[in-house]
Structure formats: C-alpha cells, structure tokens
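Coordinate inspection notes
Read off the chains here:
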Amino acid sequence: MSEFFSQIHFENRDFFVLRDDLIGAEFNGNKARKLEFFLHADLSAFNCILSHGSSQSNAMSALSSFAKLKNLEFLYHPTHISSFLAQNPCGNFAFALKNGMKIISQKSEFNSLKNSPSTLFIPEGVACKEAEQGFKSQARLIDNLSAELGCDFDIFLPSGTGASAAFLARNSRFSVFTTPCVGSPQYLAKQIFALVPDSKVRILPPAIKAYFGELKLEFLRIWQRLKEQTSITFELLYDPQGWLTLLANLSVFSKPVLYIHQGGLGGLASQLARYERKFGLENLAIK
Ligand SMILES: *Cc1c(COP(=O)(O)O)cnc(C)c1O
C-alpha cells in the first residue's frame with residue numbers, strides 16, 4: 001500500500017486512512033489540496049494575499065507559508081483576537097506571524113485592499129472554486145488505491161466550510177460522508193450547495209453537541225484512544241467530532257471506510273495547552 005495510506009484497527013474495526021497530514025512539511029492536509037491550483041498559477045500580477053477568518057485557523061497558517069513561498073505579502077483580517085492571544089501568540093497565530101503575516105484590524109482597510117487589483121483575495125478557509133483542482137488529485141489517489149486493493153470505499157471526512165467534502169464528492173466515484181464541526185447540518189448543506197449545487201455529499205448529524213473549538217472531554221478521550229490504538233496523531237478541532245460521528249453511524253456504511261486525515265497538526269500544541277488549562281492533563285494521563 002502506498003505511503004499516503006494507512007490501514008488501522010480502531011475500536012475493533014478496520015479503517016483505511018488517507019494521510020494528507022504527510023503531504024508537505026509547512027502546509028499540508030486539505031489546505032495543501034486547496035492551494036494546489038494557486039501553487040502552479042501565475043501570480044505575478046499580485047503583490048499580496050489577503051484573507052480573513054479565525055485567529056487560530058489552519059487556513060491562515062497554510063496561507064502564511066504559501067505567501068512566503070511565493071514572495072507575496074500576507075495580510076489577514078481576523079474575526080477576533082483575544083487579549084490572551086495578542087499578548088501570548090501561540091499555535092497557528094504565532095506561526096503565521098513568524099512567516100510575516102500582517103494583521104488588518106480595520107474592516108474599512110480590509111474592504112479597500114480586497115478591491116485592489118494587485119491583491120489576491122482568498123476567502124475564509126480557502127473555500128473557493130479554485131480549490132477544486134487539488135481534490136481531483138486526491139480523488140485520483142483514492143482511485144489508485146481502490147484498484148490496487150480491488151475494493152471500493154465509503155469516504156468520511158469532518159467539515160468546516162464543506163469545500164473539501166464538496167469538491168472530493170464531485171470528483172470521486174465513491175460516496176462521501178461528512179459531519180459539521182462548525183454550525184448546523186443545515187448550514188453546512190447550504191455552504192456545500194453554494195459551491196456544488198447538485199452535491200451528493202451525505203451529511204451525518206454530529207455525535208456531540210459542541211460549538212467550534214469547544215473543549216470537550218469526549219473529544220480529548222477519543223483523540224487519546226486514536227493515538228494509543230493506531231499510533232496516528234490526529235488534530236483536536238475536527239477529528240474528534242469526525243471519529244465520534246463515524247463510530248456512531250457505522251450502520252450507514254456498506255463498504256470499507258476511508259477516513260481522510262486532513263492535517264492541521266500545527267495547531268495541536270496550542271489546543272492541548274487549552275485542554276490542559278481547562279481540565280489539567282495530569283489527571284488524564286495524557287502526558
Ligand atoms: C480546514 C480543516 C478542515 C475543514 O475543511 P473544509 O474544507 O473547510 O470543510 C478539516 N480538518 C482540518 C484538519 C482542517 O485544517
């Protein structure tokens with residue numbers, strides 16, 4: 001089996017995992033897939049990349065590396081920066097600042113930059129049409145594994161904007177299942193349909209009721225069990241809800257399940273620190 005896949009045994013079940021966490025050092029996972037188009041595009045008309053979203057997002061971190069690689073300035077308009085983060089930059093935020101990210105705090109400045117012809121504007125979470133190209137490559141890779149093993153898959157991946165699930169589903173011959181980690185299933189469906197109007201992605205209701213980034217002991221526990229039983233390190237924002245939802249819905253899958261590891265490990269240390277501040281990890285025997 002190719003180095004891009006793992007076969008794991010978890011909670012007494014067999015799964016395949018597509019290891020998109022391994023496809024690049026600085027930016028990997030689905031953000032690398034989403035940036036594949038831009039990586040090969042002629043960007044000489046632009047002098048900067050502008051984006052917006054959460055102050056700890058994986059997309060922000062990936063874009064900071066990408067801009068550096070392309071010798072473009074990286075400007076970012078965060079939805080919110082807590083005073084704690086401003087004083088103690090950590091995780092993806094610290095990483096992006098180190099890559100030269102410039103913060104645009106004023107909405108008015110963001111809007112005028114967005115309209116400048118020398119700005120390459122990339123929407124929140126890189127959820128744009130151009131992102132599709134990388135998922136054609138991803139679908140091809142999955143097809144190759146299917147041919148090699150002589151079996152079909154049901155594919156599962158947890159969603160934020162839903163762009164990864166939507167674009168993979170449009171380009172794969174396999175069924176794609178997901179669950180929302182940000183917002184309700186209805187909201188995710190709306191976002192998916194905005195990108196791919198006739199999308200066949202199947203949205204499963206999340207196993208745990210939680211807002212995005214909420215610290216839940218159940219999340220930490222399944223993350224830990226995954227690490228112990230599979231030796232794979234997943235991330236803590238999307239994967240725990242993903243795996244809990246997958247395990248709660250095993251009866252909907254009729255084929256071997258392929259889970260997509262979408263990277264995001266750059267933010268793991270700061271997520272673990274948040275869990276430690278809230279619950280005290282010494283009690284959980286994680287360290
Ligand atoms: C960004 C991200 C997601 C969400 O991807 P969407 O395409 O926005 O649904 C899921 N998992 C990880 C690790 C991510 O970094």
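Residues numbered from 1 in each chain as written. Predicted model: local features only at pLDDT ≥ 70, side-chain atom pairs only at ≥ 80, totals over all residues. Heavy atoms only, no water.

Examining the domain arrangement of the protein
With domains assigned, the protein is organised as domain 1 (5–26 + 130–283) and domain 2 (32–128). Computed from C-alpha coordinates alone, the two centres of domain 1 and domain 2 are separated by 24 Å. Between domain 1 and domain 2, the residue contacts involve 24 residues of the former and 20 residues of the latter. Taking both sides of the interface into account, the surface hidden between domain 1 and domain 2 amounts to around 1700 Å²; carbon and sulfur atoms contribute 57%. (Domains from an automatic or database assignment. Contact = heavy atoms within 4.5 Å. Buried area = accessible area lost by both parts, 1.4 Å probe.)

Considerations on the sheet that holds strand 7 (residues 154–156)
What the 6 strands build is an open sheet, ordered 1-2-10-7-8-9; its pairing is mixed. On the outer flanks of this sheet lie strand 1 (5–10) and strand 9 (202–203), each paired with one strand and no other. In the sheet, strand 7 pairs with strand 10 (residues 257–261) via 3 bridges, with the strands oriented parallel. Paired with I155 across the bridge in strand 10 is L258. Here helix 6 (residues 132–149) sits on the sheet in contact with strand 1, strand 2 (13–19), strand 7 and strand 10, set at roughly 140° to strand 2. (Pairing = 2+ DSSP bridges. Helix = DSSP H or I, 4+ residues; strand = E, 2+ residues; numbered from the N terminus. Axes fitted to C-alpha atoms, helices over the stretch in contact; angles between N-to-C directions.)

Side note on the packing of aromatic side chains
Here the structure, examined in full by the defined rule, presents 16 aromatic pairs. Centre to centre, the rings of F10 and W243 are 5.5 Å apart; their planes meet at 75°, and the pair counts as edge-to-face. Here W243 lies in helix 10 (residues 239–248) and F10 lies in strand 1, a separation of 233 residues in the sequence. The exposure classification of F10 matches that of W243, with both residues buried. Judged by centre distance (5.4 Å) and plane angle (70°), the ring pair of F16 and F153 falls under edge-to-face. With F16 in strand 2 and F153 in the loop between helix 6 and strand 7, this residue pair connects regions lying 137 residues apart in the sequence. Each member of the pair, F16 together with F153, is buried. Following the ring pairs from residue to residue traces out a cluster consisting of F10, F15, F156, F234, W243 and Y259. (Phe/Tyr/Trp six-rings, centres within 6.5 Å; stacked < 30°, edge-to-face > 60°. Buried < 20%, exposed > 50% of the residue type's maximum accessible area, 1.4 Å probe, protein only.)

Quick look at the packing of helix 1 (residues 29–40) against helix 2 (residues 58–69)
Packing of helix 1 against helix 2 brings their axes to within 10 Å, and their N-to-C directions diverge by 30°. The orientation of helix 1 relative to helix 2 falls into the category roughly parallel. As for the relative orientation of helix 1 and helix 2, their crossing is right-handed in sense. Residues K31, L35, F38 and L39 of helix 1 form the contact with helix 2, whose own contacting residues are N58, A59, A62, L63, F66 and L69. (Parallel < 35°, antiparallel > 145°, perpendicular 65-115°, else oblique. Left-handed = near helix turned anticlockwise from the far one by under 90°.)

Description of the site of the ligand
Around the ligand there are 15 residues in total, and K31, N58, G160, T161 and S164 lie nearest to it. At 2.8 Å, a side-chain N or O of N30 approaches an oxygen atom of the ligand. Between the ligand and the protein, one listed contact pairs an oxygen atom with a backbone N or O atom of G162 at 2.9 Å. With the chains in place, 97% of the 390 Å² that the ligand exposes on its own is no longer accessible. Of all the secondary-structure elements, those providing two or more residues to the shell around the ligand are helix 1 and helix 7 (163–171). Here the residues of the shell around the ligand are counted per class, giving 3 nonpolar, 9 polar and 3 charged. (Near = heavy atom within 4 Å. Polar contact = N/O pair within 3.5 Å; in protein donor to acceptor, adjacent residues only side chain to side chain. Areas by Shrake-Rupley, 256 points an atom, 1.4 Å probe, with all protein chains shown as cover. Nonpolar A, V, L, I, M, F, W, Y, C, P; charged D, E, K, R; others polar.)

Re the pattern of salt bridges
Under the definition given, this model contains 8 salt bridges. For D143, the salt bridge goes to R173, with nearest N and O atoms at 2.9 Å. A residue pair is termed long-range when its members are at least 10 positions apart, and D143 in helix 6 and R173 in the loop between helix 7 and strand 8 (175–178) qualify at 30 residues. With relative accessibility at 53%, the residue R173 sits in the exposed group. Ionic pairing is found between K216 and E214, a salt bridge with its closest N-O pair at 3.6 Å. A network of salt bridges, in which partner residues are shared, links D143, D152 and R173. (Salt bridge = Lys/Arg side-chain N within 4 Å of Asp/Glu carboxyl O.)

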